[in-house]
Amino acid sequence: MQILVTGSSGFIGSALIPFLTSSRHRVKRLVRSPSAGSAGTVRWDPAAGVMDATGLEGIDAVVHLAGESVVGRWTAKKKAHILGSRVKGTRLLCSTLATLTQPPKVIVCASAIGYYGDRGDEILQEESASGSGFLAEVCRQWEAAAQPAVQRGIRVVHLRIGVVLSPTGGALAKMLPPFQLGVGGPMGHGRQFWS
């Protein structure tokens, strides 16, 4: 298949690309960098609402992982970037895909378990209602931004990702060093929830 990937330089995307190519799929990367235009890349600027739609024709599937990292201090500015990068990028991508002569059959669009909010010990399933709070609101708007693709008849899968663990990055890479130095200890009361 010809697969378009956004967020290809991120933590998940950088692991996904080698997996797809080793499975003999052809991958195009949607990139913001000025070096775009090289083989296998398509240029976009989600903040400016600009995308090279001609580079998207012939795509069979899309994996959309792009968005501002949630790591860091959540100032008002950081929260605006988290929300805006996801909603604007998803809306631009899905609106553009909807205009193609032959749109892809599926788009796997990242979302997060933050959709469900903090619900204590309630067992949550895919069908559970959205929760409250900043992350739940981000996820609701993020998923809704894919509506142009749905209306065009493209199958949209919202991938509600939890905490990603790998010794090479993500949450685990940040937690491992103190333990490897022998200074790790209990993290909280032991009853906190983890997906």
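All figures in this text were calculated on a predicted structure; none of them were measured in a lab.

Chemist: Teacher, can you tell me more about unusual backbone geometry here?
Modeler: Keep in mind that most residues, glycine aside, have a negative phi and that most peptide bonds are trans. Within the chain, Arg24 stands out as a residue other than glycine whose phi angle is a positive 70°. For Arg24, the location among the structural elements is in the loop between α1 (11–22) and β2 (26–31).

Chemist: It is not clear to me how helix α2 (residues 76–98) should be interpreted in this structure. Could you clarify?
Modeler: The periodicity of an α-helix, 3.6 residues per turn, causes residues three or four places apart in sequence to face the same way. Over its 23 residues, α2 extends 33 Å from the first C-alpha to the last, a length consistent with the 33 Å expected when each residue adds 1.5 Å. Within the span of α2, buried status applies to Lys78, Ile82, Arg86, Val87, Gly89, Thr90, Leu92, Leu93, Cys94, Thr96, Leu97 and Ala98.

Chemist: Would you mind going over the side chain of Ser128 with me for this structure?
Modeler: Within the secondary structure layout, Ser128 lies in the loop between β6 (106–112) and α3 (134–144). Residues within four places of Ser128 in sequence aside, it is in contact with Tyr115, Tyr116, Arg119 and Ile123.

Chemist: Help me understand the packing of aromatic side chains, please; the structure alone is not making it clear to me.
Modeler: Pairs of aromatic rings are described using the distance from one ring centre to the other and the angle between the two planes. Tallied over the full model, the rule gives 2 aromatic pairs. Here Trp74 and Phe134 contribute two aromatic rings whose centre-to-centre distance is 5.2 Å and whose plane-to-plane angle is 70°, an arrangement assigned as edge-to-face. Linking Trp74 in the loop between β5 (61–64) and α2 with Phe134 in helix α3, this pair joins segments that are 60 residues apart in sequence. Relative accessible area serves as the criterion here: at 23%, Phe134 is assigned to the partly exposed category. For the ring pair Tyr115 and Tyr116, a centre distance of 5.1 Å and an interplane angle of 85° mean the geometry is edge-to-face. Here the two residues Tyr115 and Tyr116 agree in accessibility, since each one is buried. A cation over a ring is seen here: Lys79 above Phe134, with NZ or CZ 4.8 Å from the ring centre. If you follow Arg160 out to its NZ or CZ, it ends over the ring of Tyr115, 3.6 Å from the centre.

Rules used in this analysis
- Residues numbered from 1 in each chain as written.
- Predicted model: local features only at pLDDT ≥ 70, side-chain atom pairs only at ≥ 80, totals over all residues.
- Heavy atoms only, no water.
- Helix = DSSP H or I, 4+ residues; strand = E, 2+ residues; numbered from the N terminus.
- Expected span 1.5 Å × (residues − 1).
- Buried < 20%, exposed > 50% of the residue type's maximum accessible area, 1.4 Å probe, protein only.
- Contact = heavy atoms within 4.5 Å.
- Phe/Tyr/Trp six-rings, centres within 6.5 Å; stacked < 30°, edge-to-face > 60°.
- Lys NZ or Arg CZ within 6 Å of the ring centre and 35° of its normal.

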